[in-house]
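# Geometric and topological summary
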Amino acid sequence: MGADANWLGAFLEAQAAERNAARNTLLAYGRDLSDFTAWLTRRKGALATATREDVEDYLVACEADGLSKPTRARRLSAIRQLYRFAHEEGWRADNPAIRIGGPGRDRRLPKTLSLAEVEALLSAARGLGRTGAERSRNACLTELLYATGLRVSELVGLPVAAVRGDPRMILVKGKGGKERMVPLSTPARTALTDWLAVRDAADAEAERERREKPSRFLFPARGKEGHLTRQGFHALLKDISVAAGVSPARVTPHVLRHAFATHLLAGGADLRAIQTLLGHADVGTTEIYTHVLEERLRDLVLEKHPLAKGAEALPPRGRG
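## A few points about the overall build of the protein chain
Along the protein chain, the regular secondary structure elements total 13 helices and two strands. Out of the 320 residues in the protein chain, the part that is buried amounts to 38%. Of all intrachain contacts in the protein chain linking residues separated by at least 6 positions in sequence, the fraction that spans at least 24 positions is 56%. Accessible surface computed for the protein chain: about 18400 Å², of which carbon and sulfur atoms make up 52%.

In structure tokens:
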């Protein structure tokens, strides 16, 4: 194993052990840094000797290859993190990437749905499924997602123990193992109670007939993960959107999470409270929803205010 590979291995191990980085984060670090080290190798360079100019040349090469701004920004961030670790370990006296400005990111407002569209989705979910059990599960999944704003991985991986006893709030384990409490709405609690009754009856029957242990997940499945997968729920939500008459291209689990946050903000919820409910580490991430609301308010003024429709829309004025 070469020196570069040793650096990468030690860095990834430290991220996993000390920072409790998620598996997907580690995979992204590994891909990005492997690409950078391969580029250095082709130029007869190495991590230990790379200069600021090398890092800048690499980013230029990434742009020439057609990589997007977010991808280039992510790669620069990974390189900075690696060299920060190398500096802390005493492998390098400097961090050649520390003063390099990133490519920036185009601000994209999160896509969301209107309240009427969400209500149509919730109604469609209650009627979609070949059996009563499927319909109950689909209603519970959709109600929980919109009521809590959970990430899709948090939703499908919910342990059944977290929702026993008709709770008003549930404990959710999010990114990096961080836990947070999320309140449940009355419709979500009703859907949850109905689904638990169906699910527990199925578990009891399976245990009697095949001596299987009950699943520890709220939404069990036969796959290796033991619960409904992210991909499975994503596909299910597309079917629900078709039944609801909402374009499937506009509906994803993450869009419903955005709708949860946007509708709360429009209803007067505090930004810090929304940050806590979404599990955002930084309120700056949550602030993007204020831009969504500002854009909607601007559109409302342009569509409804008489001054925006031209002079012909103005009511006649008296002469005093």
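## Considerations on the packing of aromatic side chains
Counted according to the given criterion, the structure contains eight aromatic pairs. Ring centres of Phe 85 and Trp 91 lie 5.5 Å apart, and the angle between their planes is 90°; this geometry places the pair in the edge-to-face category. According to the relative accessible area criterion, Trp 91 is partly exposed, its value standing at 34%. Every member of this aromatic cluster is reached through a ring pair, and the members are Trp 7, Phe 11, Tyr 29, Tyr 83, Phe 85 and Trp 91.

## Concerning the pattern of salt bridges
This model, assessed by the stated rule, comprises 18 salt bridges. With its nearest N and O atoms 2.7 Å apart, the salt bridge here joins Asp 32 to Arg 74. Placement of Asp 32 in helix α2 (residues 23–42) and of Arg 74 in helix α4 (residues 69–88) is noted, with a sequence separation of 42 residues between them. Given the relative accessible area of 3%, Asp 32 is considered buried. Exposure remark for Arg 74: the relative accessible area of 39% places this residue in the partly exposed category. Among the salt bridges present, the one from Asp 35 reaches Arg 75, with a minimum N-O distance of 2.9 Å. Of this pair, Asp 35 sits in helix α2 while Arg 75 sits in helix α4, placing them 40 residues apart in sequence. With relative accessibility at 31%, the residue Asp 35 sits in the partly exposed group. Given the relative accessible area of 14%, Arg 75 is considered buried. Linked through salt bridges whose partners overlap, the residues forming this network are Asp 32, Asp 35, Arg 74 and Arg 75.

## Re the packing of helix α6 (residues 132–148) against helix α10 (residues 253–266)
When two helices pack together, their arrangement is given by the angle between the helix axes and the distance between those axes. Closest axis-to-axis distance for the α6/α10 pair is 7 Å, and the angle between their directions is 45°. With respect to their mutual orientation, α6 and α10 come out oblique. On the side of α6, the interface is formed by Thr 142, Leu 145, Tyr 146, Ala 147 and Thr 148, while α10 contributes Pro 253, Leu 256, Ala 259, Phe 260 and His 263. Partitioned by chemical class, the residues of the contact of α6 with α10 number seven nonpolar, three polar and no charged.

## What about unusual backbone geometry?
A positive phi is found at Lys 44, a non-glycine position, where the angle reads about 65°. Relative to the elements of secondary structure, Lys 44 occurs in the loop between α2 and α3 (52–64).

## Topic: the side chain of His 263
Mapped onto the secondary structure, His 263 falls in helix α10. Taking the relative accessible area as the measure of exposure, His 263 reaches 18% and is therefore buried. Every residue in contact with His 263, bar those within four places of it in the chain, is listed here: Leu 113, Ser 114, Leu 115, Val 118 and Tyr 146.

## Some thoughts on the packing of helix α5 (residues 115–127) against α10
Look at α5 against α10: their axes get within 11 Å of each other, and the N-to-C directions meet at 130°. It follows from the interaxial angle that α5 and α10 lie oblique. For the pair α5 and α10, the sense of crossing is left-handed. Touching Leu 115, Val 118 and Leu 121 of α5 are Leu 256, Ala 259 and His 263, all from α10. By residue class, the composition of the contact of α5 with α10 is five nonpolar, one polar and no charged.

Cut-offs applied
Residues numbered from 1 in each chain as written. Predicted model: local features only at pLDDT ≥ 70, side-chain atom pairs only at ≥ 80, totals over all residues. Heavy atoms only, no water. Helix = DSSP H or I, 4+ residues; strand = E, 2+ residues; numbered from the N terminus. Buried < 20%, exposed > 50% of the residue type's maximum accessible area, 1.4 Å probe, protein only. Contact = heavy atoms within 4.5 Å. Areas by Shrake-Rupley, 256 points an atom, 1.4 Å probe, with all protein chains shown as cover. Phe/Tyr/Trp six-rings, centres within 6.5 Å; stacked < 30°, edge-to-face > 60°. Salt bridge = Lys/Arg side-chain N within 4 Å of Asp/Glu carboxyl O. Axes fitted to C-alpha atoms, helices over the stretch in contact; angles between N-to-C directions. Parallel < 35°, antiparallel > 145°, perpendicular 65-115°, else oblique. Nonpolar A, V, L, I, M, F, W, Y, C, P; charged D, E, K, R; others polar. Left-handed = near helix turned anticlockwise from the far one by under 90°.

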